[in-house]
Amino acid sequence: MSSPNLPSLKFAIPVEKVRYDDKGLVPAIIQDFLDGTVLMMAWMNQDSLLKTLETGETWFWSRSRQELWHKGATSGHIQKVESIRYDCDSDALLIGVEQIGDIACHTGERSCFHQVEEKIVPPPGDMLSQLFQIVCDRRDHPNEDSYTCKLLAGGDNKILKKIGEESAEVVMACKDDDPDAIAGEVADLFYHTLVALAYHQVDLKSVYRHLHKRRQ
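None of these values were measured; they are calculated from a predicted model.

Scoring rules and cut-offs
- Residues numbered from 1 in each chain as written.
- Predicted model: local features only at pLDDT ≥ 70, side-chain atom pairs only at ≥ 80, totals over all residues.
- Heavy atoms only, no water.
- Helix = DSSP H or I, 4+ residues; strand = E, 2+ residues; numbered from the N terminus.
- Buried < 20%, exposed > 50% of the residue type's maximum accessible area, 1.4 Å probe, protein only.
- pLDDT = per-residue confidence, 0-100.
- Contact = heavy atoms within 4.5 Å.
- Pairing = 2+ DSSP bridges.
- Patch = residues over 30% accessible without salt bridge, like charges linked within 9 Å, V, L, I, M, F, W, Y side chains within 5 Å.
- Areas by Shrake-Rupley, 256 points an atom, 1.4 Å probe, with all protein chains shown as cover.
- Salt bridge = Lys/Arg side-chain N within 4 Å of Asp/Glu carboxyl O.
- Lys, Arg positive; Asp, Glu negative; His and termini not counted.
- Charge placed at Lys NZ, Arg CZ, Asp CG, Glu CD.
- Axes fitted to C-alpha atoms, helices over the stretch in contact; angles between N-to-C directions.

1. With respect to the environment of I163
Note that I163 resides in helix α3 (residues 147-175). The exposure class of I163 is buried, given its relative accessible area of 18%. Each C-alpha atom of the pair I163 and A73 lies 43 Å from the other, and the pair is 90 residues apart in sequence.

Below, the structure is given as structure tokens:
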């Protein structure tokens, strides 16, 4: 069977090389193609994979209902496919998507992997995105004890002054050739830049999209 090659999609995958299990299924990990957030895991068979390639949106196989299902057909939270890769054994798929509505889980959470043990919280792969969400939450729910809220309340005058200061400190750390100081000062610059984005109602993903276009 030849693989679909659709001009509208920037990927192609040799469907015949995918190794399905004894039930004809292969696990598919769905990931935000911009910031790398793991959104969900679902099962595909060859028919759902072909539908995904044909439509440019994710389709899966429901083991409980024994039927194909189109992600977001009911909720509107469809997933527009940007890339498809398979692993070294060809028995698992990694699909990069644009998640419409920014909600992948049926519970209303962005990711199905939102449950964590309080004592074991590994660093997120989407660190900047999570930090930006916190900054936006401070903007929308002010707390007078929060440094972020104080910055936002000060507006451009306060925020841009801090960005200028942090930029200068990055320059000085680089001049001193101090790797730890450089990392710390860049972290401060990133944070204050995120505050500026939130203040001006600019989504961090807009920045990612610009970077993605430049990379292409």
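Resuming the write-up.
2. Regarding the confidence of the model for the protein chain
Mean pLDDT over the protein chain stands at 90; residues scoring 70 or higher make up 91%. Counting interchain partners and residues more than four positions distant, the pLDDT-below-50 stretch residues 1-8 has 14 contacts.

3. Some remarks on the pairing of strand β6 (residues 93-99)
β6 sits mainly inside the fold: five of its seven residues count as buried. Here strand β1 (residues 26-32) pairs with β6 via five bridges, running parallel. Of the residues in β6, the one forming a bridge with D32 is V97. In this structure, the hairpin formed by strand β5 (residues 79-86) and β6 is closed by a connection of six residues, where S90 is found at a positive phi of approximately 60°.

4. Structural notes on a negative patch on the surface
A cluster of acidic residues, D176, D177, D178 and D180, forms a negative patch on the protein surface. For D180, the location among the structural elements is in helix α4 (residues 179-199). A relative accessible area of 66% means that D180 is categorised as exposed.

5. A word on the sheet that holds β6
The strand order across the open sheet built from four strands is β2-β1-β6-β5, with neighbouring strands paired in mixed fashion. Each edge of the sheet is formed by a strand with only one pairing partner; in this case those strands are β2 (38-44) and β5. Strand-to-strand twist in this sheet, taken as the mean axis angle between neighbours without regard to direction, amounts to 25°. The strands touched by helix α1 (residues 46-55) within the sheet are β2, β5 and β6, with β5 carrying the most contacts at an inclination of about 120°.

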